[in-house]
Amino acid sequence: MLSPITASNIWFLIKGLGVALEILAALLTIGFLVGGALAMVQVYAPRKWYIQGPIRVFDRIVRGIPILLLLFTFYFGLSDVLNISPMLASIVALGIRSSAYQAQIFRSALLSVPPGQLSAAKAMGFTRPHAIWTIAIPLAFRYALGPWTNEFSSELKATSLVYVIGVSELTNRASTIISNAGGYILLVFAVTALLYFVVNKTGNSLLYGLEARLRFPGFERAN
Amino acid sequence: MTDVMAATDITKSFGSDQVLRGISMSLKKGETKVLLGPSGSGKSTFLRCINRLTLPDSGRVTLSGVEVTTDNETNMRRRIGFVFQEFNLFMHLTALDNVRVSLVKIKKMPKAEATAKARAVLEKVGLAQKEKSYPAELSGGQQQRVSIARALAMDPELILFDEPTSALDPELTQEVVQVMADLSAEGMTMLVVSHEMGFARAAADELVFMENGVVVETGPPEKLFTAPEAERTRSFLRLLSDGEPAQGPVPTSGARDG
């Protein structure tokens with residue numbers, strides 16, 4: 001067996017981490033924007049079946065099937081029609097999935113805003129959208145941060161599954177190094193795990209830091 | 001002179017429950033009226049119909065002669081102050097920001113001007129030194145006073161008070177009642193739903209007694225307290241007066257300590 005600890009191997013892994021991070025950033029952004037919009041519609045738009053119904057169906061389906069299935073369906077399904085790269089397919093599929101989870105987080109956060117807050121804004125003469133923007137969203141954002149930390153960690157780990165449609169990311173590259181070296185399984189996976197751990201920890205620390213900066217007296221009691 | 005506020009034949013039902021059966025009332029500039037009545041009589045619902053926080057089923061509300069409708073309700077609300085029973089201060093904003101936010105965001109006032117004005121009204125309710133405090137750091141009485149300051153900041157033509165002291169511990173009601181009495185003495189047009197008999201006797205120009213969605217009797221406080229025309233008025237007021245102090249708040253001028 002040849003030792004897998006070489007500069008080129010380490011660089012190979014790091015680039016895999018870069019791929020994972022690229023997918024993560026993109027999917028979280030899609031999830032944030034689409035999920036945020038879905039949550040706003042669920043909480044503030046009229047309760048008509050043709051508005052709320054499709055959103056609910058979307059949520060049940062997307063959160064109800066395994067990630068691998070979602071990735072396969074997207075990539076192999078779409079590539080009949082579109083010339084889509086595995087990378088893009090991963091981002092879109094995981095982005096859509098994240099939007100369903102983030103919609104739940106933001107919906108819950110918006111519903112946690114005491115109704116009296118918006119009543120007061122309304123009574124003062126804020127238009128409804130302006131009241132939501134100025135009062136509800138700042139509060140909801142604070143409520144959402146904690147659960148969102150969980151979503152961050154969850155999606156980071158989900159990126160390791162995109163190898164099934166041919167994206168060479170971190171975990172997949174670790175496997176490649178192991179098969180090339182003919183062994184050293186635990187060592188290589190330990191190093192890989194460490195890389196995920198560092199990203200996760202950094203992300204969480206940043207999010208907790210943000211939460212601490214945004215906290216106001218009475219925040220916990222208000223929940 | 002046009003009434004500041006005139007409501008005509010306001011009705012409202014919630015499902016099968018008819019809460020308001022045709023309420024009419026008006027306020028002239030500088031008048032303070034207190035709306036009294038048992039729970040469920042529709043007092044708060046009526047108040048909320050004036051600024052359309054609750055939509056009336058029928059009837060008409062005018063502000064300085066102009067009807068309040070769905071089309072202009074947002075603008076109308078900017079001229080009407082509303083003080084809630086549960087205060088409803090914005091939790092994530094300091095006292096100063098709570099008072100200032102409407103000036104900056106709605107009136108688009110420059111920040112310096114808005115800050116000066118906000119500080120002035122906080123001073124008026126005796127809470128200048130609490131400007132950096134968040135609502136959770138303030139007592140109920142202080143929160144309600146900030147809430148009144150927040151309403152005052154917009155220079156309203158009329159302030160509606162929805163049971164402003166009902167959620168307060170008894171020892172905290174006096175500080176709020178005092179602010180309200182001073183405001184009334186200074187000429188603010190106020191419609192107050194309250195059980196504070198001291199305030200009603202001392203500050204109200206007229207009392208309106210409501211029961212079961214209708215106005216039973218109106219009149220100056222002393223008349224209703226000593227020689228009401230309706231028996232129901234008499235029995236309700238007797239109920240409330242038991243245990244109430246005989247002397248109400250005396251309007252003073254100048255700031256009080258918080």
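As shown above, the structure is provided for reference.
Residues numbered from 1 in each chain as written. Chains lettered and ligands numbered in written order. Predicted model: local features only at pLDDT ≥ 70, side-chain atom pairs only at ≥ 80, totals over all residues. Heavy atoms only, no water.

### Quick look at the environment of R173 of chain A
All names here are of chain A. For R173, the location among the structural elements is in helix 7 (residues 170-181). Note on R173: relative accessible area 12%, which makes it buried. For the pair R173 and I14, spaced 159 residues apart in sequence, the C-alpha separation works out to 9.5 Å. (Helix = DSSP H or I, 4+ residues; strand = E, 2+ residues; numbered from the N terminus. Buried < 20%, exposed > 50% of the residue type's maximum accessible area, 1.4 Å probe, protein only.)

### Quick word on the interface of chain B and chain A
Chain B puts 23 residues into the contact, and the matching count from chain A is 24 residues. Roughly 2000 Å² is buried in total at the junction of chain B and chain A, and carbon and sulfur atoms are behind 70% of that figure. Among the residues chain B hides against chain A, the three largest losses belong to F90, M91 and H92 of chain B. Together they make up 35% of the total. Between the two partners, chain B and chain A, sit zero salt bridges. (Contact = heavy atoms within 4.5 Å. Buried area = accessible area lost by both parts, 1.4 Å probe. Salt bridge = Lys/Arg side-chain N within 4 Å of Asp/Glu carboxyl O.)

### Focus: the side chain of S98 of chain A
With respect to the helices, strands and loops of the structure, S98 of chain A is situated in helix 4 (residues 86-111). A polar contact of 2.8 Å, which involves the side chain of S98 of chain A, links it to the side chain of E151 of chain A. (Polar contact = N/O pair within 3.5 Å; in protein donor to acceptor, adjacent residues only side chain to side chain.)

### Describing unusual backbone geometry
Look at Y184 of chain A: it is not a glycine, yet its phi comes out positive at around 55°. Tracing the backbone shows Y184 of chain A in the loop between helix 7 and helix 8 (185-214). For Y184 of chain A, a relative accessible area of 31% gives the class partly exposed. Of note in the backbone geometry, R52 of chain B takes a positive phi value of approximately 60° without being a glycine. Position of R52 of chain B among the secondary structure elements: in the loop between helix 1 (43-50) and strand 4 (58-63).

### A short note on the pattern of salt bridges
If charged atoms from side chains of opposite charge come close, those side chains can pair. Residues and elements named next belong to chain A. A full pass over the atoms with the stated rule returns 20 salt bridges over all chains. For D59, the salt bridge is made with R63, and the minimal N-O distance between the two is 2.7 Å. Placement of both D59 and R63 in helix 2 (residues 49-64) is noted, with a separation of four residues, approximately one turn of the helix. By relative accessible area, which is 7% here, D59 ends up buried. With a relative accessible area of 33%, R63 lands in the partly exposed category.

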